[in-house]
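Residue-level structural notes
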Amino acid sequence: MSALTPPPVPMELHAVNRRKLCDSLRRHLSSSDRPLDGFVLLQGGEEKNRYCTDHAELFRQESYFAYLFGVREPDFYGAIDVGSGKSIIFIPRLPEDYAVWLGEIKPLSHFKETYMVDMVYYVDEIVQVLSEQFKGSGKPLLYLLHGLNTDSGNLSKPASFEGIEKFETDLTTLHPILAECRVIKSSLELQLLQFANDISSEAHVEVMRKVTPGMKEYQMESMFLHHTYMYGGCRHCSYTCICATGDNSAVLHYGHAAAPNDRTFEDGDLALLDMGGEYHFYASDITCSFPVNGKFTSDQSLIYNAVLKAHNSVISAMKPGVNWVDMHKLAERIILESLKKGSILTGDVEEMMLERLGAVFMPHGLGHFMGIDTHDTGGYPLGVERPKEPGLKSLRTARDLLEGMVITVEPGCYFIKALLVPAMENAKTSKFFNRETIERFKNIGGVRIESDLVVTANGCKNMTNVPRETWEIEAVMAGGSWPPVATGNNTTKEDALIFEYSVERTGKIKNNNNNNEEEEFVSFGHNLNTKIRFEDADEDEVAEGSGFEAAQDESMCEAGESTDAAQVTDDTTSADYYFDSYSHFGKIPFCFIFSKEMLKDVVRTKTYQNVIYQNKFLIKDKIVLDVGAGTGILSLFCAKAGAKHVYAVECSQMADMAKEIVKANGFSDVITVLKGKIEEIELPTPKVDVIISEWMGYFLLFENMLDSVLYARNKWLVDGGIVLPDKASLFLTAIEDSEYKEDKIECERIDSVPTLISMSVENAIANCVLCFSTAVWNSVYGFDMSCIKKKAMMEPLVDTVDQNQIVTDSKLLKTMDISKMSSGDASFTAPFKLVAQRNDYIHALVAYFDVSFTMCHKLLGFSTGPRSRATHWKQTVMYLEDVLTICEGETITGSMSVSYNKKNPRDVDIKLSYSLNGQHSKVSRTQHYKMR
């Protein structure tokens with residue numbers, strides 16, 4: 001299962017690379033008073049057979065050729081006219097029987113269009129074409145690729161062809177210039193590198209979830225390769241997979257032919273998985289370390305957290321101008337300090353650094369450039385010397401960081417006998433070792449944590465998205481969601497426990513924070529047809545630790561007029577009572593209660609807080625518009641993060657309370673609260689830099705503020721401004737839910753409803769309608785009310801689903817890019833195919849959504865899915881008329897159409913068509929649902 005789709009590859013990427021090379025080469029030639037003529041000529045990779053057999057090995061293009069031309073096929077040549085910048089590719093003439101065995105012989109025009117070059121000829125025409133195209137005097141000049149790869153020690157192969165003696169050749173100019181071009185990535189290159197990271201991150205998580213003791217190491221490799229190819233189109237891997245467990249995790253480049261990932265790993269082992277998929281030549285390189293049984297021991301945690309602290313500290317320190325040798329030393333120092341704290345080492349850390357003790361535990365370099373090769377070019381250009389000290393000499397670059405570089409951060413800590421024994425016997429270093437403790441750790445193997453970073457103007461962005469904290473890893477291996485619902489460096493295990501509720505189907509909420517308190521559901525009549533449950537909590541639990549005071553205004557709590565539930569008809573929409581009931585219900589203003597619920601939602605609130613506080617560069621000195629501000633909590637976050645000014649727009653009574661909250665916290669000079677609809681107000685400023693909003697509704701689209709955000713974006717957002725969050729994706733899965741459906745939909749008899757008798761008439765009517773909308777009775781005090789059943793089936797239930805009820809995989813229905821989409825894009829029809837993961841029964845389909853903040857330094861977001869921590873959005877359950885009996889591997893296919901109600905665009909109409917052609921069930925049906 002994957003939420004990703006391989007993106008189209010823009011051949012403009014390679015045209016940009018060619019222009020970049022031409023510009024650099026021309027500058028070099030001009031500086032040395034050389035003519036701007038001649039051709040860059042590269043020879044592509046050649047197809048090879050396995051030794052003396054006719055078995056053709058899977059071809060992968062030579063990297064420099066791939067960088068400039070993007071050609072997949074073997075035996076091509078490519079040329080670039082230095083003066084004009086025009087590009088030419090030369091293709092081999094294929095024999096006629098190629099069409100019989102290998103497919104259509106494509107015309108020259110096909111390659112011209114596919115690879116976006118100016119001209120295409122055959123290889124046997126190189127001499128004639130280049131001679132005719134040459135505009136200078138004398139023999140045409142060819143700049144050929146010849147130079148040292150500082151990682152491998154190998155030389156690149158200059159182009160060779162019949163007739164090359166008719167040209168002048170230059171073997172020294174091109175290589176250093178082209179190698180340096182590859183160091184700084186274009187935005188198009190970064191897009192491919194990001195996808196390679198995304199699909200590889202997802203594959204690492206998939207392996208993590210499926211690992212159990214007793215498996216073979218190669219099974220983990222197989223799962224990774226399958227996922228990246230199946231869902232990411234990655235036919236090639238960036239390098240040979242390292243799937244090391246136990247002692248093998250101390251072998252730095254394990255996985256080679258003599259150690260082929262074939263150990264059976266055992267309960268208690270650590271796994272070190274270093275694997276990365278390659279997409280259209282562009283690499284990823286990710287390492288995860290975790291216990292195969294899903295639980296870290298204290299010793300494993302000590303080593304893992306030492307490496308993680310080094311990993312995170314380097315990332316925090318990275319920015320243009322920082323020297324990579326200094327970053328390596330920083331990682332070493334942190335690991336040594338942690339080992340000392342864990343009593344593995346003793347003595348002065350500064351002295352350890354001088355004796356290069358760090359190289360005993362981390363003998364490899366901190367990281368390497370990455371791009372079209374895993375170990376990309378440019379590590380040691382002319383003038384940059386390789387260090388000679390232990391550990392440092394293994395660095396693949398010693399350069400200062402530049403914006404646009406992509407580099408891995410991969411600290412590690414290993415217990416390698418071949419290094420430990422000599423160090424413990426060495427007169428200068430033996431004093432640092434606690435031999436008794438070392439003995440306990442000698443079989444632990446090693447830990448490596450590796451992420452791929454792009455250097456930005458002010459720091460860096462982590463392109464890798466896998467669980468890193470020990471508790472995150474344990475949660476994912478236990479079946480938890482990833483990406484997490486609240487992520488970021490400040491998220492703690494304690495955060496994960498705050499307000500974590502499981503909803504019992506008996507009408508209670510059970511708090512999971514190790515106490516047995518149960519609290520009643522609080523039902524409000526603002527929406528009598530769509531069934532929503534709210535959890536209550538004490539006031540002092542709201543936004544605990546936020547640092548803001550909650551202002552109170554008793555005058556706001558007077559009773560208002562309630563909607564008469566008896567007047568709600570089939571034609572009633574939420575617009576008929578939404579704004580009134582949002583403002584008040586009974587004696588408690590509903591806007592206050594709802595705002596309290598959102599503040600209690602730590603997933604939602606903590607994520608927004610992390611987005612703002614951890615990415616202050618997005619907010620600082622910017623004008624921010626908060627659409628649907630509620631209490632103003634997001635505005636307060638922005639003000640505290642250094643916003644120049646924040647305009648908080650809220651149309652309910654909560655706007656008055658927000659003004660008091662802003663004043664109480666001393667931000668009146670930074671935050672202006674405006675009461676009214678966004679479509680009707682006028683801002684005191686012509687443009688804003690940032691729009692922030694918690695616009696998402698139940699089922700993503702029900703009672704949402706998307707149109708208001710889009711209106712604000714179109715009217716006030718500056719060019720290049722940002723919307724937070726900027727992406728939301730809707731997913732579908734299927735569940736078994738016999739007990740609840742039977743209780744609420746198929747209930748045969750109700751003899752008494754005692755709670756209604758003691759209620760006020762107003763509340764009794766409201767609760768009766770709510771009850772009837774969730775339960776259809778065939779006999780109520782002897783009366784037939786089964787006519788309600790059809791209506792109930794049309795009404796989705798907003799509820800929390802137990803992840804153990806999930807029967808199928810999940811399917812992505814729709815992704816919305818808020819920064820680009822239009823209002824009409826929210827109505828859609830999407831096909832789906834759900835594959836059963838076990839033999840079971842299906843009673844309902846469940847929709848949920850994920851939200852992403854992609855403009856952040858590190859991808860942040862949250863999920864409302866059943867495998868994630870609960871949010872106030874819960875999930876949307878659509879019960880089926882049929883009970884589907886499904887077997888593992890069988891599929892439910894169909895489509896879902898979603899559109900806004902014509903009378904009230906806040907409401908949602910859903911058309912669901914589904915089919916199952918299984919061994920025990922054959923069903924094809926269309927159902928309609930209305931969210932009102």
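Residues numbered from 1 in each chain as written. Predicted model: local features only at pLDDT ≥ 70, side-chain atom pairs only at ≥ 80, totals over all residues. Heavy atoms only, no water.

You'll find the protein chain entered in an unreviewed UniProt entry as Xaa-Pro dipeptidase, with Brassica rapa subsp. trilocularis given as the organism. Entered under Catalytic activity (unreviewed entry) in the UniProt record, the comment concerning the protein chain runs "Xaa-L-Pro dipeptide + H2O = an L-alpha-amino acid + L-proline". According to the UniProt record, the Subunit (unreviewed entry) comment for the protein chain reads "Homodimer." (UniProt positions renumbered as here; feature names shortened; annotations may be inferred.)

It is worth spelling out the sheet that holds strand S33 (residues 908-917) at this point. A sheet is described by the order of its strands in space; here four strands give the open sequence S28-S32-S33-S34, paired in antiparallel fashion. Both edges of this open sheet fall to strand S28 (828-835) and strand S34 (922-931), since each of them pairs with a single strand only. Each strand of the sheet is rotated relative to its neighbour by a mean of 15°, with strand direction disregarded. Examined bridge by bridge, S33 and S34 share 10 bridges and lie antiparallel to one another. (Pairing = 2+ DSSP bridges. Helix = DSSP H or I, 4+ residues; strand = E, 2+ residues; numbered from the N terminus. Axes fitted to C-alpha atoms, helices over the stretch in contact; angles between N-to-C directions.)

What follows concerns the pairing of strand S1 (residues 39-43). Within S1, five of the five residues are buried, which leaves it mostly tucked inside the rest of the structure. On S1, burial covers both faces: Phe39, Leu41 and Gln43 on one face and Val40 and Leu42 on the other are all buried. Sheet topology note: the S1/strand S5 (residues 141-144) ladder contains three bridges and is parallel. Bridging from a neighbouring strand, valine 40 pairs with tyrosine 143 of S5. (Buried < 20%, exposed > 50% of the residue type's maximum accessible area, 1.4 Å probe, protein only.)

On average, the protein chain scores 84 in pLDDT, and the residues at 70 or more come to 82%. This model gives residues 747-776 a pLDDT under 50, and the stretch forms 53 contacts once residues within four places in sequence are excluded. (pLDDT = per-residue confidence, 0-100. Contact = heavy atoms within 4.5 Å.)

Here we come to the side chain of threonine 408. Note on placement: threonine 408 falls in strand S12 (residues 406-409). Classification of threonine 408 by relative accessible area gives buried; the value is 0%. With residues near it in sequence (within four places) discarded, threonine 408 still touches Asp285, Trp324, Leu366, Gly367, His368, Met370, Glu450, Ser451 and Asp452.

On to helix H9 (residues 298-317), then. The terminal C-alpha atoms of H9, which comprises 20 residues, lie 28 Å apart, in line with the 28 Å expected from a rise of 1.5 Å per residue. Where H9 is concerned, the buried positions are Asp299, Gln300, Ser301, Ile303, Tyr304, Ala306, Val307, Leu308, Ala310, His311, Val314 and Ile315. (Expected span 1.5 Å × (residues − 1).)

The axes of two packed helices give the description: the angle between them and the distance between them. Closest axis-to-axis distance for the helix H19 (residues 602-613)/helix H20 (residues 633-640) pair is 9 Å, and the angle between their directions is 25°. Considering the angle they form, H19 stands roughly parallel to H20. The hand of the H19/H20 crossing is right-handed. Here H19 contributes Arg604, Thr605, Tyr608, Gln609, Ile612 and Tyr613 to the contact with H20, which in turn contributes Ile633, Leu634, Phe637, Cys638 and Lys640. Of the residues that constitute the contact of H19 with H20, the class distribution is seven nonpolar, two polar and two charged. (Parallel < 35°, antiparallel > 145°, perpendicular 65-115°, else oblique. Left-handed = near helix turned anticlockwise from the far one by under 90°. Nonpolar A, V, L, I, M, F, W, Y, C, P; charged D, E, K, R; others polar.)

With that settled, consider the sheet that holds strand S3 (residues 87-91). Across the sheet, six strands lie side by side as S4-S3-S2-S1-S5-S6; this open sheet has mixed pairing. In the strand order of this sheet, the two ends are held by strand S4 (119-122) and strand S6 (168-170), each with one partner. Neighbour-to-neighbour, the strand axes of this sheet turn through a mean angle of 25°, independent of strand direction. Helix H1 (residues 12-31) contacts S1, strand S2 (77-81), S3 and S5 of the sheet and is inclined by roughly 55° relative to S2.

Now for helix H15 (residues 470-477). In an α-helix, one turn spans 3.6 residues, which is why side chains three or four residues apart end up on the same side. For H15, the buried fraction is high: seven of the eight residues fall into the buried class. Those residues of H15 lying buried are Thr470, Trp471, Glu472, Ile473, Glu474, Val476 and Met477. Following H15 by one or two positions, glycine 479 has its phi on the positive side, about 110°.

A few words now on the side chain of serine 810. Examined against the element boundaries, serine 810 turns out to sit in the loop between strand S26 (797-799) and strand S27 (811-817). Within the structure, serine 810 has its side chain in polar contact with the side chain of tyrosine 848 (distance 3.0 Å). Setting aside chain neighbours within four positions, we find serine 810 in contact with Met1, Leu732, Thr733, Leu834 and Tyr848. (Polar contact = N/O pair within 3.5 Å; in protein donor to acceptor, adjacent residues only side chain to side chain.)

Right, let's get into the packing of H9 against helix H10 (residues 324-341). Contact geometry of H9 with H10 gives a least axis separation of 9 Å together with a crossing angle of 150°. Between H9 and H10, the crossing angle belongs to the class labelled roughly antiparallel. Here H9 and H10 pass one another in a crossing that is right-handed. Along its contact with H9, which presents Leu302, Ile303, Ala306, Lys309, Ala310, Ser313, Val314 and Ala317, the element H10 presents Trp324, Met327, Leu330, Ala331, Ile334, Ile335, Ser338 and Leu339.

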